[in-house]
Amino acid sequence: MAVRGRAARKLAYPVEVDYEYGQVPEELFPGSWRGDGLERWAPLLPPLLAPGLGEGGTPLVQLAGDVYVKDESRNPTWSHKDRLNRCAVSAAVGVGAEGIVVASSGNHGASAAAYAARAGLRCVVLASAGAPPAVESFLRAYGATVLTVPADARWPLLRRIVTEFGYHPVSNSTLTHTGHAFGAEGYKTIAYEIFADLGVPDSVFVPTGYGEVLFGVWKGFVELNRIGRTDRIPRMFSCEPAAGGPLAQAIALGRDAMQVSVGSTAAYAIDTPVGGYRGVRTVRESGGAALLVDDAEMTRAQNELCRNGLWQELSATAGLAGFRKRAQSAEFPGPVVCIATSSGFKDQGVATGVPDVTEPEWETVREAVRRA
């Protein structure tokens, strides 16, 4: 496939995983689903050699109308990354590695540390400054070695650790994102669960940084179609911070991937300067679109989710923000699913303040209740 311009010299294409789809057992996708972790979908996953933590089986919560939220904050370390790391750490076990290494200051690092601990592997996390308090707490609790380094130094150091120590990398090591080959396979299970609970939605809106979860969900629905369980595939909508948006720019310019400058945004988990080919492919082949949302739009979506009892970090609300923005000018004849990726505890600045103490006099309490 041709790639134009400067990106052509730097673009790396990811390894794809394929299966003997003709051998998928009929009973794998019953009419109703009760949830048994990722093992439930083992015939369509790489070998799950690392022990699990009960990842997957997250709820599909209906908002007003025909809009649903897939709440990935219910995973063991409160994010969708647990699906990825169950599969990626299994690869480390499979090759006999003594440890794993990951470049991350957020959900990915916290999740990788948990699954490494569960598998009895060492874990090195290459972080940049400013990790949220909840993520730092996860890393300390799981016993990971955390090295805070300049952001652009993380990937060269990761490659050096892999070379000299033989640790298995569970995050990207190339300029244009490719990710771990097994990572997106874990994300496919989101599609399987949506299908089992709801059928095939009209569209899926996904918070997007590198585009791995976007691609994984799409691939899951493609597989369901390929093995004859469905007759269509939903449209996939990437939802990136307006401060950057490499996937949206790649789509607009007809390229396979892009590198962009990133402005200021509180959506730190998805403010990536580079995209990947798989995300671009997903949007193109599904007939969806690449959307940009700003912090104000994500804040409104975050508040809407909170009013429905779902507290998500700002980055995790980009899917709903994208849908609310798109719905003003487009029709969606069937159910819409918005992926919500991570707990509000993961936002920066959470749990850092000291609460005000309310005086216990009744008049003070009564006035506070009246104002509520």
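Being a predicted model, the structure only gives us computed values, none of them experimental. (Residues numbered from 1 in each chain as written. Predicted model: local features only at pLDDT ≥ 70, side-chain atom pairs only at ≥ 80, totals over all residues. Heavy atoms only, no water.)

## What to know about the overall build of the protein
In step 1: Across its full length, the protein holds twelve helices and ten strands.
In step 2: Relative to the globule expectation of 21 Å for 372 residues, the C-alpha radius of gyration of the protein, 21 Å, shows essentially globular dimensions.
In step 3: For the protein, the spread of C-alpha atoms along the principal axes amounts to about 70 × 50 × 45 Å.
In step 4: Within the protein, the fraction of its 372 residues that count as buried is 56%. (Helix = DSSP H or I, 4+ residues; strand = E, 2+ residues; numbered from the N terminus. Rg over C-alpha atoms; globule rule 2.2 N^0.38 Å. Buried < 20%, exposed > 50% of the residue type's maximum accessible area, 1.4 Å probe, protein only.)

## Quick word on helix 9 (residues 277–286)
In step 1: A large share of helix 9 lies buried, amounting to seven of its ten residues.
In step 2: Lining the buried residues of helix 9 we find helix 6 (183–198), helix 7 (212–226), strand 8 (235–241), helix 8 (246–253) and strand 9 (289–293).
In step 3: Following helix 9 by one or two positions, Gly-287 has its phi on the positive side, about 75°. (Contact = heavy atoms within 4.5 Å.)

## A word on helix 8
Note that an α-helix has 3.6 residues per turn; residues three or four places apart therefore point the same way.
In step 1: Pro-246, Leu-247, Ala-248 and Ala-250 are the residues of helix 8 that are buried.
In step 2: Close packing links the buried residues of helix 8 with helix 7, strand 8, helix 9 and strand 9.
In step 3: Following helix 8 by one or two positions, Gly-254 adopts a phi angle in the positive range, close to 70°.

## Some remarks on the sheet that holds strand 5 (residues 145–148)
In step 1: One open sheet accounts for four strands, arranged 5-4-3-6; its pairing is parallel. Edge positions in the sheet fall to strand 5 and strand 6 (168–169), since each has one partner strand and no second.
In step 2: Bridge count for strand 3 (residues 99–103) against strand 6 is two bridges, and the pairing is parallel. Bridge pairing links Ile-100 to His-168 in strand 6. (Pairing = 2+ DSSP bridges.)

## A short note on the layout of surface pockets
In step 1: Taken as a whole, the second largest pocket spans an internal volume of roughly 170 Å³.
In step 2: Residue lining of the second largest pocket: Glu-16, Val-17, Asp-18, Tyr-21, Phe-215, Trp-218, Lys-219, Val-222, Glu-223, Arg-226 and Arg-281, and that is the complete set.
In step 3: Looking at the lining of the second largest pocket, the element that brings in the most residues is helix 7, giving six residues. (1 Å grid on protein atoms, 1.4 Å probe; cavity = no way out; pocket = protein on both sides within 12 Å on 5 of 7 lines; lining within 4 Å. Points joined across faces, edges and corners; volume = space filled by probe spheres on them.)

## Structural notes on the side chain of Asn-75
In step 1: Its place among the elements puts Asn-75 in the loop between strand 2 (67–71) and helix 2 (81–94).
In step 2: Exposure remark for Asn-75: the relative accessible area of 2% places this residue in the buried category.
In step 3: Among the polar contacts listed, one links the side chain of Asn-75 to the side chain of Glu-72, at a separation of 3.0 Å.
In step 4: With sequence-adjacent residues up to four places away left out, Asn-75 is seen in contact with Glu-55, Gly-56, Thr-58, His-80, Asp-82 and Arg-83. (Polar contact = N/O pair within 3.5 Å; in protein donor to acceptor, adjacent residues only side chain to side chain.)

## A word on the pattern of salt bridges
In step 1: Applying the stated criterion across every chain, the model contains 22 salt bridges.
In step 2: In this structure, the salt-bridge partner of Asp-18 is Arg-226, at a minimum N-O distance of 3.5 Å. Of this pair, Asp-18 sits in the loop between helix 1 (7–10) and strand 1 (60–62) while Arg-226 is found in helix 7, placing the two residues 208 residues apart along the sequence. The residues Asp-18 and Arg-226 share a single accessibility class, namely exposed.
In step 3: Ionic pairing is found between Arg-324 and Glu-304, a salt bridge with its closest N-O pair at 2.5 Å. Of this pair, Arg-324 sits in helix 11 (residues 318–326) while Glu-304 sits in helix 10 (residues 295–307); the two residues are 20 residues apart in sequence, bridging distant segments of the chain.
In step 4: Here the residues in one salt-bridge network are Lys-70, Glu-72, Arg-83 and Glu-193, joined through shared partners. (Salt bridge = Lys/Arg side-chain N within 4 Å of Asp/Glu carboxyl O.)

## A closer look at the pairing of strand 8
In step 1: Counting buried positions over the seven residues of strand 8 gives six, a clear majority of the element.
In step 2: As paired elements, strand 7 (residues 203–207) and strand 8 share five bridges and run parallel to each other. Among the inter-strand pairings, Ser-203 is bridged to a residue of strand 8, identified as Arg-235.
In step 3: Regarding the hand of the β-α-β motif, the stretch spanning strand 7, helix 7 and strand 8 is right-handed. (Right-handed = clockwise from strand over helix to strand, strands pointing away.)

## Describing the packing of aromatic side chains
Any two aromatic rings considered together are summarised by their centre-to-centre distance and by the angle between their planes.
In step 1: Per the stated rule, a full pass over the model turns up 17 aromatic pairs.
In step 2: Ring geometry for Tyr-19 and Tyr-21: centres 5.9 Å apart, planes at 65°, overall edge-to-face. Grouping residues by exposure puts Tyr-19 and Tyr-21 together as buried.
In step 3: Over the aromatic face of Trp-41 sits the side chain of Arg-40, whose NZ or CZ is 4.9 Å from the ring centroid. (Phe/Tyr/Trp six-rings, centres within 6.5 Å; stacked < 30°, edge-to-face > 60°. Lys NZ or Arg CZ within 6 Å of the ring centre and 35° of its normal.)

## Regarding the packing of helix 2 against helix 6
In step 1: Here helix 2 crosses helix 6 at 130°, and the two axes come no closer than 7 Å. Put simply, helix 2 runs oblique to helix 6. As for how helix 2 packs across helix 6, the hand of that crossing is right-handed. Across the interface between the two elements, Lys-81, Arg-83, Leu-84 and Cys-87 from helix 2 touch Gly-183, Glu-185, Gly-186, Tyr-187, Thr-189, Ile-190 and Glu-193 from helix 6.
In step 2: Residues of the contact of helix 2 with helix 6, tallied by class, amount to four nonpolar, three polar and four charged. (Axes fitted to C-alpha atoms, helices over the stretch in contact; angles between N-to-C directions. Parallel < 35°, antiparallel > 145°, perpendicular 65-115°, else oblique. Left-handed = near helix turned anticlockwise from the far one by under 90°. Nonpolar A, V, L, I, M, F, W, Y, C, P; charged D, E, K, R; others polar.)

Purely spatial values, then, with no claim about function.
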